[in-house]
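So the chains spell out like this:
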Amino acid sequence: MTPAPSLPPALAIGAVAAVALTTVLVGVLGLRISRTTSDFYVASRTVRPWWNASAIGGEYLSAASFLGVAGLIMVNGAQALWYPIGYTAGFLMLLLFVATPLRRSGAYTVPDFAAARLGSNAVRRATSVLVVLIAWFYIVPQLQGAALALHTTTGLPGWVGSVAVVAVVVASVMFGGMRSITFVQAFQFWLKLAALALPALFLVLWLAGRGAPSGEPIDALGAASGNAPAIPASLVAPDGVYRTVSVMVALLFGTLGLPHVLVRFYTNPDGPSARRTTVIVLSLLSVFYLFPTAFGILGRTAAPDLAGQADATVVLLPARLIDGPLGAALSALVLAGAMAAFLSTTSGLLVSIAGVMSQELFGGSVHGFRVAAAASAAVPLGAALLAGPQALAGSVGLVFAFTASTICPLLILSIWWRRLTAAGAIAGLAAGALACGSAVLFSAIVPGIANMAVLQALLGQPAAWSVPLAFAVMVGVSAVRRRPVPTAVDRFLVRIHRPEAYEPDPAREATRSSR
Amino acid sequence: MSPESLAAAVVVVIVVLAALGLAVAAVALRLWRSRRDFGSDAERATYTTLHAAAQAGRHLRGGLEPDGAAKAVRHLRAMLGSPALALTDEARLLAWDGESPAHSGTVMALALKSLAGGRARIASAPEVSCSAAGCGEADCRLRHAVVAPVQAGSRTIGTVVAFAPDARAGLVSATNEVAAWVATQVELAELDRSRTLLMEAEVRALRAQISPHFIYNSLNAIASYILTDPERARELVVEFADFTRYSFRRHGDFTTLAEELRSIDRYLLLERARFGDRLQVSLRIAPEVLGTAVPFLSLQPLVENAVKHGIEAREGVGRISITAEEEGADAVVRVEDDGVGADPERLRQVLAGHAGGEHVGLRNVDARLRQVYGDDHGIVVETAPGAGTLITLRVPKSQPDHDVGR
């Protein structure tokens, strides 16, 4: 079904170009040249937690959050609220278990951290492979989201959106040169927030002024199925206790292992600021998810016929409800925000893959980094073009399940259990990856599985059993092949858990303040 | 099967296949590189022996320590082809590899004579006996032992004990050679250690070296302000105190880029007091790299060099620019001046350690960076007489092994 373009293509393309351009400008202007020493003193201050938290939000809020959450709520109502809750609460786990020790370790990537903790190159390689896999899986929905958004608003063929996102991101990673990524990503967060909040407020006020268009609240699913195409099966949110628990496990623990989020923690100057940053991220995300939720509810009540293309609800709704240039402008604003989401998440992921790949294959050279960035963008682009569209929030949810079954146990046990061995870590990573990956694959390709409800649930949402399995294998293998803990491990653990020394120097402080 | 789940499956299959393909290609490339041009059996034997030696050598580079010895002894046994092999230092058994491990209790008794006399010998029954060792294996092959001393210089620092069913002359000479080879590795380890000590001494010297000229000039500059602008003079004295406090700190080989830049800020403030408007500095620092660990005092000599050649050695205004940014997984710092420059050939001599003189600070920074991060990470100097100087320093952002010593 090809909907009539709801936006003039020129307006849509203008909005997308504006996002790309502003992003570049912010990046370049973010680094002021300072000429006086007092300026320098300010410049040598490290990134403030507020900035860093905004940057993490900018990188984290992907297609799934921007489009997918509203789509799920549109179709499923309150049941789908688990997704925004899980996406946000994952940072609580990060705060509790990982943020501070990871920053104190001084490791820039997860493979570096694992190699330093376990003293094993095999662990580094296994983790590198997983990080690349995870990032690829994560980029695919971003590109599909871009294709969907551009296609539904302008009628342009789907591949244009995917290719455009990849082209912009690869170019900026390869020829980026001097720019401040933190400022860029922080700007992207506020752009996304504004691009959802303003239209949402407008729509609410507009509806409040006119009343719901059809006069009565609609049971969206029942009313919609008559005159709209059937709702895709994968858009239906998980129901039942097992599936809900499984999704929550995936989202809560999956955030712990996202490579592009963890890299941002390096920018914090020390452990406590990493903690503060995470708290701010939590509150920023809590505010942000109000708006996709609002869009979902608005769509459910005011335009239930959009359920067939629910993922595009956010982009279509303003132009649908408000006629004339105002509606078009609001839709264009949302489209710009959506593009910012695809661009920032894709670029964050691509940078982390390129870092890992250039380290493993090219010995960490700058040239290798560029080659790796270009090469690693090709795989998800191919996958996105060959595979059909999927439900965004659901497929990103599966990536979270995969991360939760692999990187998350590795990080948590590395940080909190000193007896973890390299052999145990590798066995657990392999078990988690194989269990989670093959379950998802089987549930998709084995015919007739849809008829067996229990099996379908177990395989379709594997996190509830694959995450404990990975933990158990790591602990079990480490305990069986038990060896004395090397002193280097104890030193490392002391360093990542020891609070930064407080160096009071009253005399110096007194001199300074009396100036 | 719905088209939606098919799409998911297609994505999974494509991505996994791509990853597998990449992994297979990487492994194949590595295998192909190591296996090409393998000809006769003799060549293969040479390769096997040298490979075992290289493996063992890596583990012995920390000296005769239990951890390294445990890993190395396996390869040493492969080189000798004996059923069991032990490695000791002067006082204790470091590692045992091979069959009938009950015999490991008797190793020190066997080694004592060679440790005292410094000569190789063959021990047989009754010294090597299953009943004395408490070995219960029916067909134990450990009948004789060849004990060869490991001698570093004139000292005997350990022994290699090879067990065998029969004491052939070939085994004795081979064991002697292995012991000599182990001695070489241990001496290399000591060389490494003394190189590190030398580096540390050089850093200490560098800390002391900052002082004379700079202290003299700074104090003179401050003195000139005491009557005309006492407030500024007071500030300068405080900055001076802070600067020396940082430079003379005792703990930690690493610090953050932010700390290092802060110290440079103080340094430039003091130099500015001396040169006034003749010194113009511009800075462009990406905040992301400020937390990166760098060797202590690795930037200050570069900036000092820029001041020396950009301002001191010429007339008129001199400009210095300092930038720091992310490039891939590295943090890159550039220090540039538009001063008199230098002869590249002469600078190359200095950096190679063949000539002394005014660039000793640069040489020291270069040597320390190479030692810590490998030869790819030395400083890069672009200069020519009259054309200014650009010094680039590149360190990996990820350094979980380095404590910045907060």
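All residue numbers here refer to positions counted from 1 along the written sequence of the relevant chain. A letter from A marks each chain and a number from 1 marks each ligand, given out in the order of writing. Only residues with pLDDT of at least 70 are given local features in this predicted model, and only at 80 or more are side-chain atom pairs given and counted; all residues enter the totals for whole chains, interfaces and linings.

## Thoughts on helix H8 (residues 257-275) of chain B
Residues and elements named next belong to chain B. The end-to-end C-alpha distance of H8, which contains 19 residues, comes to 26 Å, matching closely the 27 Å that a straight helix rising 1.5 Å per residue would cover. Buried, partly exposed and exposed are defined by the number of other C-beta atoms within 10 Å of a residue's own C-beta, namely 20 or more, between the two limits, and 12 or fewer respectively, with C-beta atoms placed from the backbone. Helix and strand definitions follow DSSP, with helices as H or I runs of at least four residues and strands as E runs of at least two, each counted in order from the N terminus. Counting buried residues along H8, 16 of its 19 residues qualify, which places the element largely inside the surrounding structure. Trailing H8 by a residue or two, Gly276 shows a phi angle of about 60 degrees, which is positive. Given the number of residues in a helix, its expected span is that number minus one, multiplied by 1.5 Å.

## A look at the environment of Thr403(A)
Turning to its location among the elements, Thr403(A) is positioned in helix H18 (residues 392-405). Every residue in contact with Thr403(A), bar those within four places of it in the chain, is listed here: Ile134(A), Gly254(A), Gly257(A), Leu258(A) and Cys408(A). Here, residues touch in the contact sense if the C-beta positions derived from the backbone fall within 7 Å of one another.

## Structural notes on the packing of helix H4 (residues 63-76) of chain A against H18(A)
All names here are of chain A. Whenever a helix is involved, its axis is fitted only over the stretch in contact; in every case the axis is a line through C-alpha atoms, and angles between N-to-C directions fall within 0 to 180 degrees. Direction vectors running N to C along H4 and H18 enclose 125 degrees, while the axes themselves pass 7 Å from each other. Classified by the angle between their axes, H4 and H18 sit oblique to one another. Where H4 abuts H18, its residues Ala63, Ala64, Leu67, Gly68, Val69, Gly71 and Leu72 lie against Leu392, Ala393 and Val396. Three classes are used, and their members are as follows: Ala, Val, Leu, Ile, Met, Phe, Trp, Tyr, Cys and Pro are nonpolar, Asp, Glu, Lys and Arg are charged, and the others, Gly among them, are polar. The residue inventory of the contact of H4 with H18, partitioned by class, reads eight nonpolar, two polar and no charged. An angle below 35 degrees is read as roughly parallel, one above 145 as roughly antiparallel, one from 65 to 115 as roughly perpendicular, and any other as oblique.

## Describing the domain arrangement of chain B
By a frequent convention, interface size equals the accessible area lost on bringing the separate parts together. A domain assignment, automatic or from a database, supplies the domain bounds used here. We note that the domain assignment places domain 1 (3-189) and domain 2 (226-396) within chain B. One C-alpha centre belongs to domain 1 of chain B, the other to domain 2 of chain B; they are set 47 Å apart.

## Describing the sheet that holds strand E4 (residues 144-152) of chain B
Residue and element names in this part refer to chain B. One open sheet accounts for five strands, arranged E2-E1-E5-E4-E3; its pairing is antiparallel. In this open sheet, the two edge strands, each paired with only one partner strand, are strand E2 (93-98) and strand E3 (121-123). Between one strand and the next, the sheet's axes are offset by a mean angle of 20 degrees, whatever the strand orientation. Sitting on the sheet, helix H3 (residues 66-80) is in contact with strand E1 (84-89), E2 and strand E5 (155-164), with an inclination near 40 degrees to E2. Two strands make a pair as long as DSSP finds a minimum of two bridges between them.

## Quick look at helix H13 (residues 271-288) of chain A
Since the α-helix packs 3.6 residues into each turn, any two residues three or four apart lie on the same face. All names here are of chain A. The first and last C-alpha atoms of H13 sit 26 Å apart over 18 residues, in line with the 26 Å expected at 1.5 Å per residue. Those residues of H13 lying buried are Gly271, Ser273, Ala274, Thr277, Thr278, Ile280, Val281, Leu284, Leu285 and Phe288. Where H13 is buried, its residues contact helix H3 (49-60), helix H5 (82-105), helix H9 (181-210), helix H12 (259-265) and helix H14 (290-302).

## Here we look at the confidence of the model for chain A
Confidence of the prediction at every residue is given by pLDDT, a number between 0 and 100. Per-residue confidence for chain A averages 80 on the pLDDT scale, and 83% of its residues sit at or above 70. Confidence, expressed as mean pLDDT per element, reaches its minimum in chain A at helix H10 (residues 220-227) of chain A with 40 and its maximum at helix H19 (residues 407-416) of chain A with 94.

## So, the environment of Leu282(A)
Residue and element names in this part refer to chain A. With respect to the secondary-structure elements, Leu282 resides in helix H13. You can call Leu282 partly exposed: it has 18 C-beta atoms within 10 Å. Residues Leu282 and Ala425 lie 143 residues apart in sequence; the distance between their C-alpha atoms is 30 Å.

## What about the confidence of the model for chain B?
Summary statistics for chain B give a mean pLDDT of 82 and a share of 92% for residues scoring 70 or more. The complex prediction reports pTM at 0.77, with the ipTM value standing at 0.76.

## Here's the deal with the pairing of E2(B)
Two faces belong to every sheet, and in a regular strand the side chains alternate between them. Residue and element names in this part refer to chain B. Bridge count between E1 and E2: five bridges; the pairing is antiparallel. Along E2, the bridge assignment pairs Thr88 with Leu93. Connecting the antiparallel pair E1 and E2 is a turn made up of three residues.

## Brief notes about the nonpolar core
Throughout this description, the term nonpolar core refers to a group of buried Ala, Val, Leu, Ile, Met, Phe, Trp, Tyr and Cys residues whose C-beta atoms join them within 7 Å. Counting 189 residues, the largest nonpolar core has Leu335(A), Ala336(A), Ala338(A), Met339(A), Ala425(A) and Val15(B) as the members making the most contacts within it. Val15(B) has contacts with Leu133(A), Trp136(A), Phe137(A), Val379(A) and Ala383(A), leaving out every residue within four places of it along the chain. With 46 residues, the next largest nonpolar core counts Val289(B), Val303(B), Ile320(B) and Val335(B) among its residues.

## Quick notes on the sheet that holds strand E9 (residues 318-327) of chain B
Residues and elements named next belong to chain B. Pairing within the open sheet is mixed, and its five strands lie in the order E7-E9-E10-E12-E11. Only two strands of the sheet have a single partner each, and these edge strands are strand E7 (279-285) and strand E11 (380-383). Averaged over all pairs of adjacent strands, the angle between their axes in this sheet comes to 10 degrees, without regard to strand direction. With seven bridges connecting them, E7 and E9 associate as parallel partners. Bridging from a neighbouring strand, Leu279 pairs with Gly318 of E9.

## Some points on the pairing of strand E10 (residues 330-337) of chain B
All names here are of chain B. Within E10, six of the eight residues are buried, which leaves it mostly tucked inside the rest of the structure. Relative to E10, E9 runs antiparallel, the two being bridged by eight bridges. The residue of E10 that forms the bridge with Ile320 is Asp337. Between E9 and E10, which follow one another and run antiparallel, lie two residues, and Gly328 among them has a positive phi close to 60 degrees. Strand direction decides the pairing type here: E10 and strand E12 (residues 389-396), joined by eight bridges, are antiparallel. Paired with Val333 across the strands is Leu393, a residue of E12.

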